[in-house]
2 protein chains.
Amino acid sequence: MKETLTTISERTGFSITTISRVLSGKSKKYRISEKTSEFILKEAKKCNYSPNIIAQNLRTNKTDTIGVLMPSVANPYFAEMASVIIAEANCRKYTSIVIDSMEDEENQKKNLATLIARKVDGIIAAPCGSDPTLFEEIQKMQIPLVLIDRFFAGSHISYVTTNNYLGGVEGTNMLIRNGHKNIACIQGAKNSMPNKKRVAGYMEALRVAGLQDNAIIVGDEFSIQNGYMETKLLLGRKPRPTAIFSLSNTIGLGALKAIREAGLNIPDDISIISFDNNIYMDYLTPPISRMGQPVEEMAKLAVRLLMECIESKRNLCTQLELSPELISRDSVKNISSI
Amino acid sequence: MKETLTTISERTGFSITTISRVLSGKSKKYRISEKTSEFILKEAKKCNYSPNIIAQNLRTNKTDTIGVLMPSVANPYFAEMASVIIAEANCRKYTSIVIDSMEDEENQKKNLATLIARKVDGIIAAPCGSDPTLFEEIQKMQIPLVLIDRFFAGSHISYVTTNNYLGGVEGTNMLIRNGHKNIACIQGAKNSMPNKKRVAGYMEALRVAGLQDNAIIVGDEFSIQNGYMETKLLLGRKPRPTAIFSLSNTIGLGALKAIREAGLNIPDDISIISFDNNIYMDYLTPPISRMGQPVEEMAKLAVRLLMECIESKRNLCTQLELSPELISRDSVKNISSI
DNA sequence: CTAATCCGCACAATCGTTTGAGCAAAAATA
DNA sequence: TATTTTTGCTCAAACGATTGTGCGGATTAG
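Residues numbered from 1 in each chain as written. Chains lettered and ligands numbered in written order. Predicted model: local features only at pLDDT ≥ 70, side-chain atom pairs only at ≥ 80, totals over all residues. Heavy atoms only, no water.

### Details of the protein's contact with DNA strand C
Logical step 1: Near DNA strand C lie 28 residues; those nearest to it are Thr18(A), Thr36(A), Arg59(A), Ser20(B) and Arg59(B).
Logical step 2: If you look at DNA strand C and keep only atoms within 4 Å of the protein, 50% of those are sugar or phosphate atoms.
Logical step 3: Contact between DNA strand C and Ser15(A): a phosphate oxygen at 2.7 Å from a main-chain N or O atom of the residue.
Logical step 4: At 3.0 Å from a base oxygen of DNA strand C is found a side-chain nitrogen or oxygen belonging to Thr17(B).
Logical step 5: Within the residue set of the surface near DNA strand C, elements represented by two or more residues are helix H2 (16-23) and helix H4 (53-60) of chain A together with helix H2 (16-23) and helix H4 (53-60) of chain B.
Logical step 6: Taken together, the residues that form the surface near DNA strand C break down as 10 nonpolar, 12 polar and six charged. (Near = heavy atom within 4 Å. Polar contact = N/O pair within 3.5 Å; in protein donor to acceptor, adjacent residues only side chain to side chain. Helix = DSSP H or I, 4+ residues; strand = E, 2+ residues; numbered from the N terminus. Nonpolar A, V, L, I, M, F, W, Y, C, P; charged D, E, K, R; others polar.)

The structure is reproduced here in structure tokens:
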């Protein structure tokens, strides 16, 4: 039998109001006597009462729920991100609803509508596509919103992301320092901000080194398939690039497959550096050098930002860029001595 | 301005009841005229009405939401599982709430309570611990429940899992076929059913081959750390095992690290086969042989089972075991010729 | 001894839906 | 024309909580 305020009220003789106030810890505020208070608490415990959250939500217009929109949970990078967000939100008594747009704007729109209809208290989103209007509308509806990883230029929406430009520069520089002059870059979703910035960083590093004419930018998707295909094509070029900069972990995996199939050796025949830090990269042969993004930190910050928005009941506009970290392993060969 | 049935009612002059019936597609059933119907629909579209789901939930006692309890979303195996469940539920108009027990029974209890309080329509759970009472209580509350991956012996709760016993047998046999007689097994959470079954399969295969006295079973956690530590210890044994059977992908990664640190070569110095099928295993050197679990199929089946329970409003007791698949790569050496 | 204050609690409206029952007018039947 | 049936819609009660206001009685102040 499901207990409600009404059943307890009938059983104890106190009004629903009183029961509610006691059980929500407002006895003092509404001057309920100690005796009554304890009595009701004991009774509630005895019958194992737990409030109907749906009813609370309806009445208070608060759900203690946040929406988490990811572009592809299949990507370990976003899977980890979602996982940290869930845990972090949970610490703060928030429940998470995770949705996956699968990099499809239609899905994204539908799913966001679902979140809003479900009256989430706030949304953390890694958007897909390059159209900010959907998110600006959300902002206008006064729904707390924090973007993560991806964001829109010139928009007044809070976000936390990696300094992808810096990542692009440093990754490329690392290859240049090792004597590489013929560096190909395999990019992901072209219209996503992180991708644009990484590519810009790559170009800038080449430019500074006077290598801008050697730039090779290929690819269009953050997927294994894309990394595989583009690498196949790259390996057929003459002259063959001496190094590949893969702009995501998935692309990197695809590249590795292509390189292996070509019977080439890393780093002797070709060097590679990838974006993202996945633990298994250390177990590959050789371990892969990479630009790690501070996923955990970003996720935690995003939750924190969102909480601040929710509590202050207004959308702040805090835009954060965290530095990536170069993790140097053995997939880059120094060819400057040649 | 937020539109509700009331505002539309006031604006059009029709009663809330009529509006509600039209908008929920019950015009025929309740004999609302075509004209009225269309008028209301148009009006609703114009003002961009969307129903308050919370109010619907409260009234109908249905939330179109399922709870997904995972023991560790950090584990790629469960991350993929969660991802497929979310997508599959989404196809059927269900929203998922994912929670992570982090292999902690206290968390599990609290999180399950949250799910129930939020009135999810059903739960898909990969439980941690070995105590079924929590789940049997859920079953008694008439909440549709399907276990996935892990289950409890002798319990009448639906589940879908891999035939882990078979996986244990076949994995071990594969090593035996290749001439290995000294096979160590690194297990995960001892009280989880999949682990028990895998170990039982391992033992049985050894027994059939007359090798039961050579059995070495170590470890106690599905984690990289555990795989790493136990492998370190195994490598110090004399005689050193010629093969390792790792009972999860995480354990496998840890084992690889230890083997590499010891300066040993796979498969020349030691053979290894792991449970779980992660794409990156093909990119390791050498690619790792493994017992793949049909994660996607299991997840889809679990959702389907759950939906059937929800629709039939009773907990069926369907218990399914899907066969694992041996994925043969290059991490096992045939030493029978020696 | 009267007026003001405080204590302890209850009334009733509200959140936005859904739904069984009912009611007047129109249409069909007798 | 009188009766029945059908049509087209509305009433009002839920669902289970929260919350501003109010109301008697006890206590204190004047």
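Additional details are given in the paragraphs that follow.
### What to know about helix H8 (residues 164-177) of chain B
Residue and element names in this part refer to chain B.
Logical step 1: Given a rise of 1.5 Å per residue, 14 residues ought to cover 20 Å, and the 19 Å separating the end C-alpha atoms of H8 matches this to within 8%.
Logical step 2: If you check which residues of H8 are buried, you get Asn164, Gly167, Gly168, Val169, Gly171, Thr172, Met174, Leu175 and Ile176.
Logical step 3: One or two steps after H8, the chain reaches glycine 179, where phi turns positive at roughly 90°. (Expected span 1.5 Å × (residues − 1). Buried < 20%, exposed > 50% of the residue type's maximum accessible area, 1.4 Å probe, protein only.)

### A word on the protein's contact with DNA strand D
Logical step 1: Of all residues adjacent to DNA strand D, which total 29 residues, the nearest are Leu5(A), Ser20(A), Arg59(A), Thr18(B) and Thr36(B).
Logical step 2: Sugar and phosphate atoms represent 49% of those atoms of DNA strand D found within 4 Å of the protein.
Logical step 3: Within the backbone of Ser33(B), an N or O atom sits 2.8 Å from a phosphate oxygen of DNA strand D.
Logical step 4: Contributing elements (two or more residues each) for the surface near DNA strand D: H2 and H4 of chain A together with H2 and H4 of chain B.
Logical step 5: With five residues, H4(A) is the largest single contributor of residues to the surface near DNA strand D.
Logical step 6: Here the residues of the surface near DNA strand D are counted per class, giving 11 nonpolar, 12 polar and six charged.

### With respect to the domain arrangement of chain A
One widely used convention gives an interface's size as the accessible area the parts lose upon coming together.
All names here are of chain A.
Logical step 1: Along its sequence, chain A is organised into domain 1 (5-51), domain 2 (60-162 + 295-325) and domain 3 (164-292).
Logical step 2: Where domain 2 abuts domain 3, roughly 1,300 Å² becomes buried across the two surfaces, and 53% of that area is made up of carbon and sulfur atoms.
Logical step 3: Across the contact surface, domain 2 and domain 3 share zero salt bridges.
Logical step 4: If you list the elements that add at least two residues to the side of domain 2 that touches domain 3, you get helix H5 (76-91) and strand E5 (158-162). (Domains from an automatic or database assignment. Buried area = accessible area lost by both parts, 1.4 Å probe. Salt bridge = Lys/Arg side-chain N within 4 Å of Asp/Glu carboxyl O.)

### Topic: the sheet that holds strand E7 (residues 216-218) of chain B
All names here are of chain B.
Logical step 1: Spatially, six strands are ordered E7-E6-E8-E9-E10-E12 in an open sheet, and the strand pairing comes out mixed. Unpaired on one side and paired on the other, E7 and strand E12 (325-327) mark the two borders of the sheet. The sheet shows a mean angle of 20° between the axes of neighbouring strands, taken without regard to direction.
Logical step 2: Its contacts with the sheet place helix H10 (residues 224-236) against strand E6 (183-186), E7 and strand E8 (243-246), and it is angled at close to 155° to E6. (Pairing = 2+ DSSP bridges. Axes fitted to C-alpha atoms, helices over the stretch in contact; angles between N-to-C directions. Contact = heavy atoms within 4.5 Å.)

### Description of the packing of helix H1 (residues 5-12) of chain B against H2(B)
All names here are of chain B.
Logical step 1: It is at 9 Å that the axes of H1 and H2 come closest, and there the two elements cross at 110°. Considered as vectors, H1 and H2 are oriented roughly perpendicular to each other. The handedness of the crossing between H1 and H2 is right-handed. Residues Leu5, Thr6, Ile8, Ser9 and Thr12 of H1 form the contact with H2, whose participating residues are Ile16, Ile19, Ser20 and Leu23.
Logical step 2: Looking at the contact of H1 with H2 residue by residue, the class counts come to five nonpolar, four polar and no charged. (Parallel < 35°, antiparallel > 145°, perpendicular 65-115°, else oblique. Left-handed = near helix turned anticlockwise from the far one by under 90°.)

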